[in-house]
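The lines below spell out each chain.
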Amino acid sequence: MSKVPQSKSPPSEVPVSSEDSSRGRSWGLLITGGVGGTLVALYAVITPFVMPALRKVCLPFVPATSTQIENVLKMLQNRSGSLVDIGSGDGRIVIAAAKRGFKAVGYELNPWLVWYSRYRAWRDGVHQNTKFYISDLWKVSFSHYTNVVVFGVPQMMLQLEKKLEEELKGNARIIACRFPFPCWIPDYTTGEGIDTVWAYDLKTSNGCEAKCLERTPRTEY
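Residues numbered from 1 in each chain as written. Predicted model: local features only at pLDDT ≥ 70, side-chain atom pairs only at ≥ 80, totals over all residues. Heavy atoms only, no water.

- As annotated in an unreviewed UniProt entry, the protein chain carries the name ATP synthase subunit C lysine N-methyltransferase and is attributed to Apteryx owenii.
- Word for word, the UniProt comment on the protein chain under Sequence similarities (unreviewed entry) is "Belongs to the ANT/ATPSC lysine N-methyltransferase family." (UniProt positions renumbered as here; feature names shortened; annotations may be inferred.)

## Considerations on the overall build of the protein chain
Item 1. From N to C terminus, the protein chain includes five helices and eight strands.
Item 2. Within the protein chain, the proportion of its 221 residues that are buried is 43%.
Item 3. Restricting the contact set of the protein chain to residue pairs at least 6 apart, pairs at least 24 apart contribute 65%.
Item 4. Only carbon and sulfur atoms are counted for the fraction: they give 58% of the accessible area of the protein chain, which is about 13,100 Å². (Helix = DSSP H or I, 4+ residues; strand = E, 2+ residues; numbered from the N terminus. Buried < 20%, exposed > 50% of the residue type's maximum accessible area, 1.4 Å probe, protein only. Contact = heavy atoms within 4.5 Å. Areas by Shrake-Rupley, 256 points an atom, 1.4 Å probe, with all protein chains shown as cover.)

## Some points on the pairing of strand β5 (residues 173–177)
Item 1. Burial runs high along β5: five of the five residues are buried.
Item 2. Burial along β5 is two-sided: the residues Arg 173, Ile 175 and Cys 177 and Ile 174 and Ala 176 are all buried.
Item 3. Two elements, strand β4 (residues 147–151) and β5, share five bridges in a ladder whose sense is parallel. Paired with Phe 151 across the bridge in β5 is Cys 177.
Item 4. For the crossover from β4 across helix α5 (residues 154–167) to β5, the handedness is right-handed. (Pairing = 2+ DSSP bridges. Right-handed = clockwise from strand over helix to strand, strands pointing away.)

## A word on the pattern of salt bridges
Item 1. Counting across every chain of the model gives six salt bridges.
Item 2. Here Asp 90 makes a salt bridge to Arg 120, at a shortest N to O gap of 3.2 Å. Of the two residues, Asp 90 sits in the loop between β1 (82–86) and α3 (92–99) while Arg 120 sits in helix α4 (residues 111–123), which places them 30 residues apart along the sequence. Each member of the pair Asp 90 and Arg 120 is classed as buried.
Item 3. Close ionic contact of Lys 163 with Glu 167 constitutes a salt bridge, the shortest N to O distance being 2.8 Å. Here Lys 163 pairs with Glu 167, and both are found in helix α5, just four residues apart, close to one helical turn.
Item 4. Overall, Lys 163 belongs to the buried group, its relative accessible area being 12%.
Item 5. Relative accessible area serves as the criterion here: at 22%, Glu 167 is assigned to the partly exposed category.
Item 6. A network of salt bridges, in which partner residues are shared, links Asp 90, Arg 92 and Arg 120. (Salt bridge = Lys/Arg side-chain N within 4 Å of Asp/Glu carboxyl O.)

## Overview of the environment of Leu 83
Item 1. Structurally, the position occupied by Leu 83 is in strand β1.
Item 2. Owing to a relative accessible area of 0%, Leu 83 belongs among the buried residues under this scheme.
Item 3. Sequence-wise, Leu 83 and Val 105 are 22 residues apart; in three dimensions their C-alpha atoms are separated by 6.2 Å.
Item 4. Residues within four places of Leu 83 in sequence aside, it is in contact with Leu 76, Ala 97, Phe 102, Lys 103, Ala 104, Val 105, Tyr 145, Asn 147 and Val 149.

## Describing the pairing of β1
Item 1. With five of its five residues buried, β1 lies for the most part within the structure.
Item 2. Going residue by residue along β1, you find Ser 82, Val 84 and Ile 86 tucked away on one face and Leu 83 and Asp 85 tucked away on the opposite face as well.
Item 3. By the bridge criterion, five bridges tie β1 to strand β2 (residues 103–108) in an arrangement that is parallel. Paired with Leu 83 across the bridge in β2 is Ala 104.

The following block contains the structure:
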């Protein structure tokens, strides 16, 4: 007689204790919380450095290149007096000017960048010749500065041009980086591309009555 094969019974499941299950859930929550906390911390650190620095226009923080700084310093040769950087970012223009002997001030709306600028000035040993303020440029008077540096965007340049023309004295020099002013004719220009820098001596400015972007600068450094 043939034997009837006996079916094998399925292996019995190993019971999972409530303690192991609870431990697994705890590890899952811990990992999720750690990842979430890391993302929040990164957001908190990075966001202030890329958020708009000025309220009237979208002006995110873009650090000045070493070439831009060199070109700004060229435009400051044989100049003296006080200097202000409008939208000073991480303070590198202000610090570079202070190292050349200027009493330099930076205005920046982003408090994180202002605190970082103060630290950099202290680290580089020029904190006594620099000051950084948390302020909106449209609420500040620049009437007592003789050298003005601006890293702007096209949307703000016309309004800022009018503001500076009303406030600055005749011996002031305004240095624009990345984008020129729409009406003033630059007295000097240097660099190319994003590193181009334009210098305007207010005493030779013709005002904002006409658009002059296509005019050729008077002197090439």
